[in-house]
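# Summary of structural features
Spelled out, the chains give:
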Amino acid sequence: MSPLFKPFSLKSLDLPNRIVMAPMTRSMSPGGIPTEGVVEYYKKRAAADVGLILSEGTTIDRPGASFDPKIPNFHQEEALAGWKNVIEAVHSAGGKMGPQIWHVGMARKPGTGPFPEAYSDSPSGMTHTGKLVQPVPTQEEISDITDAYAAAAGNAKKLGFDMVEIHGAHGYLVDQFFWDVMNRRDDKYSGTLIDRAEFAREVIRKCRAEIGADMPLCIRISQWKQQEYSAKLAHTPEELEAFLTSLTDAGIDMLHCSQRRFWEPEFDGSDLNFAGWAKKLTGVPTISVGSVGLKGDFFGAFQGEGSEVASLDNLLERMERGEFDLIAVGRALIQDPHWATKVKEDRLEDLQAYSAESLKVLT
């Protein structure tokens, strides 16, 4: 298992191994405030050989940023006090952690979340089907949104977190600006894919100003969208290189490349996955993710499906040749907080199949 348990360093972040706990929404923070149960949930993984924990998505200070009042936020005083308890517990267990800063954008249905009367922020007020359902935000409103991302990143720095991740994937707000289907603006935030990435670059530059030069800043990206699984932002390596380089030039240190199954190639003619291509094209460290240690992908989990344990051989081969730097593990770590320790100790026979029942509790 040596490729998984080599140390990794990036700026001020030093990790004992390459295993990352993937960000996974649990909706168990009533009023947006992380509870003692949330504290223990993360602490258990930190104490059991998870190298880096990425929090569940935690929302910025915009009324329409969340579609569920039980999703934690990263701006209210009580919520920040809860997150302070989380990071102190993770550090006490020897772990490292970063919050995933999130705004759900038009994935939020009007009338939901902690502020049901609020508008759902978006690039153009449009759904992915082209229906205009919300006001088009002004440039002043967009500036307020990007300021809110930066404020959340600054809070992470103040609380003592080890890095920050911006959620720019899966058809949420940042990704909606990337996607031409939902970004129909006629200003500097629209046009080519590089033009549409200007919103993200503003978020990145403002976050960097808040956290300083030495704290790692990561962005999670995806080709697929929850609104359209077959969607692609970049159709060729050349398009992907230009897009990702525009983000790293703005201040991103690491790319978290989300796909449904980590072993699937991103482009024809190469077996490199999404994270593999991102590393090859930019030279920055990448995190891969997608059905690690399980046979079924995570979409089934949303429909109540379980999944059997799968071999790790393909993962180890890819990590041995340096295709990507870190691997994020999702459902397997929801199921079993000791997953990483069992892998480290070569107790693969003790790995557990995933049960959808595990989503209902914080184990």
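Rules used throughout
- Residue numbers run consecutively from 1 along every chain, following the written order of its sequence.
- For this predicted model, a pLDDT threshold of at least 70 governs which residues receive local features, and a threshold of 80 or more governs which side-chain atom pairs are given and counted, while totals over whole chains, interfaces and linings are taken from all residues.
- Side-chain numbers here rest on the full set of heavy atoms in the structure, without hydrogens or water.
- Helix and strand definitions here come from DSSP, where helices need a minimum of 4 consecutive H or I residues and strands a minimum of 2 consecutive E residues; each element is numbered from the N-terminal end.
- The globule rule is 2.2 Å times the number of residues to the power 0.38, and the radius of gyration it is compared with is taken over C-alpha atoms.
- Working definition: with a 1.4 Å probe on protein chains only, accessible area under 20% of the residue-type maximum means buried, over 50% means exposed, and in between means partly exposed.
- Working rule for contacts: check all heavy atoms of both residues, and any pair within 4.5 Å makes them a contact.
- For the area figures, the Shrake-Rupley method with a 1.4 Å probe applies, and any residue is considered shielded solely by the protein chains shown.
- In this tally Asp and Glu are treated as negative and Lys and Arg as positive; neither His nor the chain ends contributes.
- Just so you know, the charge point we use is NZ for Lys, CZ for Arg, CG for Asp and CD for Glu.
- Given the number of residues in a helix, its expected span is that number minus one, multiplied by 1.5 Å.
- Should DSSP find at least two bridges between two strands, the strands are taken to pair.
- Between the N-to-C directions of two axes lies an angle of 0 to 180 degrees, each axis being a line fitted to C-alpha atoms and, for a helix, fitted only over the stretch in contact.

### Here's the deal with the overall build of the protein chain
In terms of helices and strands, the protein chain carries 11 helices and 10 strands. For the protein chain, the C-alpha radius of gyration of 19 Å lies close to 21 Å, the compact-globule estimate for 363 residues. Principal-axis analysis of the C-alpha atoms places the extent of the protein chain at approximately 55 × 50 × 40 Å. Evaluated residue by residue, the protein chain yields a buried proportion of 59% over its 363 residues. When contacts within the protein chain are restricted to residue pairs at least 6 apart in sequence, those whose partners lie at least 24 apart make up 74%. Accessible surface computed for the protein chain: about 13900 Å², of which carbon and sulfur atoms make up 50%. Within the protein chain, one finds 39 positive and 51 negative side-chain charges whose respective centroids are separated by 1 Å.

### Re helix H3 (residues 139-159)
With 21 residues, H3 should reach 30 Å at 1.5 Å per residue; the first-to-last C-alpha distance of 30 Å fits that figure. Those residues of H3 lying buried are Ile 142, Ile 145, Thr 146, Ala 148, Tyr 149, Ala 150, Ala 152, Ala 153, Gly 154, Asn 155, Ala 156 and Leu 159. Its buried side turned inward, H3 meets helix H2 (77-92), strand E5 (97-102), strand E6 (164-167), helix H4 (173-178) and helix H6 (198-211).

### Things to note about the sheet that holds E6
One key point about sheets: their strands pair by backbone hydrogen bonds, in either a parallel or an antiparallel sense. If you walk around this closed barrel you meet the eight strands as E3-E4-E5-E6-E7-E8-E9-E10, and the pairing is parallel. Ignoring strand direction, the axes of neighbouring strands in this sheet form an average angle of 25 degrees. Bridging between strand E4 (residues 52-59) and E5 involves five bridges; their strand directions are parallel. Paired with Thr 59 across the strands is Trp 102, a residue of E5.

### Quick word on the environment of Leu 272
With respect to the helices, strands and loops of the structure, Leu 272 is situated in the loop between strand E8 (254-258) and helix H8 (274-282). A C-alpha to C-alpha distance of 7.2 Å links Leu 272 and Glu 323, two positions 51 residues apart in sequence. Every residue in contact with Leu 272, bar those within four places of it in the chain, is listed here: Glu 264, Pro 265, Glu 266, Trp 277, Lys 280, Arg 318 and Glu 323.

### A closer look at the side chain of Asn 183
Relative to the helices and strands, Asn 183 resides in the loop between H4 and helix H5 (193-196). For Asn 183, the contacting residues outside a window of four places in its chain are Pro 123, Ser 124, Gln 176, Phe 177, Tyr 189, Ser 190 and Arg 196.

### Describing unusual backbone geometry
Backbone phi values are negative for most residues with the exception of glycine, while trans is the configuration of most peptide bonds. Backbone geometry places Ser 27, a non-glycine residue, at a positive phi of 55 degrees. Looking at where Ser 27 falls in the secondary structure, it is placed in the loop between strand E3 (19-21) and helix H1 (36-46). The class for Ser 27 is partly exposed, based on a relative accessible area of 22%.

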